[in-house]
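This is what each chain is made of:
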Amino acid sequence: MCIKVSDKMEHKDFSVETYIPKKDILDVRILLAINFISSVFLFAASTILTITIFCISFTVMFLFKMKKTALKYTVAFFICQILSGIVPHIFTAEKFHGFIALIGFICFMIAKTLPLFMIAHVITKKVNSGVLVCALRKLGLHKGFVLALTVALRFIGTARHEIAVIKDCMKMRGIDVTLKRFFKNPQLVIEYLLVPLLFRSLKISDEMTAAALVKGVEYGGKKTSLVDVRITAFDAIFFLVSVLLMVLCFLYGKAFEKMLYENISRLFGFAFSQGVCA
């Protein structure tokens, strides 16, 4: 029996550049710096500052082509922002005052921390682990800290995948691990999810240790990388503009909010008086 091989089969030359990650639109060090500075400014009592930081995080997600995810975060942010400002003023019943205050506080905290999670989401989803290690190494950070941070960021996605696999296995065995079952028997559901996840984590950690040793993690000399990790002019401009906006909103945000509220009140008052006169 003869097998005819097609003469039209395409031949592609091997190239190392095919397997090298391309440079991201923004350097990961810029993302980490913006996230750190945002965490310092975020808890200032200024709504304008919070919205500005959210807009910066939204722009980062947009640049990394995560438009649908950015829109989901936008909806969640504005819902929490509205609820944290409106709910305590609408529901003023003394009987439920503590519960309403708790709901408002939870929405307030979610709205404040959501921009930080947005940039963290970009780093975990879009930044290659080799790029992250090389960038952190160039900052002169300790090797143990670099590896610990990289593993921690990568483990979020891995844990989510492992939990999905565990749920599928439990369904095949007729075990219900849904949210409804959790409220009925939380201890049992946690046991069904947590114990297999711990065993899988141990196995994954052994595999990661072996991979790190093969890649020369214990080598004490100077390490090089094929990844293009450098801060460009666009990185610097984006960082400076972001920091400048945060500083301006921190210094003048309260005055701008006061002026905005006064103008809105005058506008509504004028419209109401014109309606009454008519």
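Every value quoted in this text rests on a predicted model; they were computed, and no experiment measured them.

Assigned secondary structure in the chain consists of nine helices and zero strands. Ordering the α and β elements of the chain from the N terminus gives α-α-α-α-α-α-α-α-α. A buried classification covers 28% of the 278 residues belonging to the chain. Here the contacts in the chain between residues at least 6 apart in sequence split such that 80% fall between residues at least 24 apart.

The subject of this paragraph is the state of the cysteines. In total, this model carries zero disulfides according to the counting rule given. C249 supplies the cysteine sulfur nearest to C55, a cysteine that is in no disulfide, at a spacing of 9.2 Å. Using a relative accessible area of 40% as the deciding quantity, one classes C55 as partly exposed. Looking at the unpaired C107, the closest cysteine sulfur is the one in C80, lying at 4.9 Å.

Next up on the list: the packing of helix α1 (residues 28-41) against helix α5 (residues 129-138). Two quantities define a packed helix pair, namely the angle between the helix axes and the distance between the axes. Interaxial distance between α1 and α5 falls to 9 Å at its minimum, and their mutual angle equals 70 degrees. In this view, α1 runs roughly perpendicular relative to α5, as classed from their interaxial angle. Every residue of α5 that contacts α1 at V28, R29 and L32 is listed here: V131, L132, A135, L136 and K138. Broken down by class, the residue content of the contact of α1 with α5 amounts to six nonpolar, no polar and two charged.

Taking 1.5 Å as the rise per residue, helix α6 (residues 143-172) with 30 residues should run 44 Å; its terminal C-alpha atoms sit 43 Å apart, in good agreement. At F155, α6 shows its largest bend, some 35 degrees. Along α6, the positions that sit buried rather than exposed are V146, T150, L153, A159, E162, I166 and M170. Among the residues trailing α6, G174 stands out with phi positive, at a value near 80 degrees.

Two elements in contact, α5 and α6, have axes separated by 10 Å at closest approach and are oriented at 150 degrees. Judged on the interaxial angle alone, α6 and α5 are roughly antiparallel. For the element pair α5 and α6, the recorded crossing hand is right-handed. Contacts between α5 and α6 pair S129, L132, V133, L136 and R137 from the former with V146, L149, T150, L153 and R154 from the latter. Of the residues contributing to the contact of α5 with α6, the split by class is six nonpolar, two polar and two charged.

Bringing the pattern of salt bridges into the picture now. If you walk through the whole model with that rule in mind, you get two salt bridges. The partner of R29 in a salt bridge is D27, with the nearest N and O atoms 2.8 Å apart. A relative accessible area of 14% places R29 in the buried class. Overall, D27 belongs to the buried group, its relative accessible area being 5%. When the shortest N-O distance is used, the salt bridge between E162 and R200 registers 2.8 Å. Placement of E162 in helix α6 and of R200 in helix α8 (residues 186-214) is noted, with a sequence separation of 38 residues between them.

Conventions used here
- Residues numbered from 1 in each chain as written.
- Predicted model: local features only at pLDDT ≥ 70, side-chain atom pairs only at ≥ 80, totals over all residues.
- Heavy atoms only, no water.
- Helix = DSSP H or I, 4+ residues; strand = E, 2+ residues; numbered from the N terminus.
- Buried < 20%, exposed > 50% of the residue type's maximum accessible area, 1.4 Å probe, protein only.
- Contact = heavy atoms within 4.5 Å.
- Disulfide = S-S within 2.5 Å.
- Axes fitted to C-alpha atoms, helices over the stretch in contact; angles between N-to-C directions.
- Parallel < 35°, antiparallel > 145°, perpendicular 65-115°, else oblique.
- Nonpolar A, V, L, I, M, F, W, Y, C, P; charged D, E, K, R; others polar.
- Expected span 1.5 Å × (residues − 1).
- Bend = angle between axes of the 7 residues up to and from the residue.
- Left-handed = near helix turned anticlockwise from the far one by under 90°.
- Salt bridge = Lys/Arg side-chain N within 4 Å of Asp/Glu carboxyl O.

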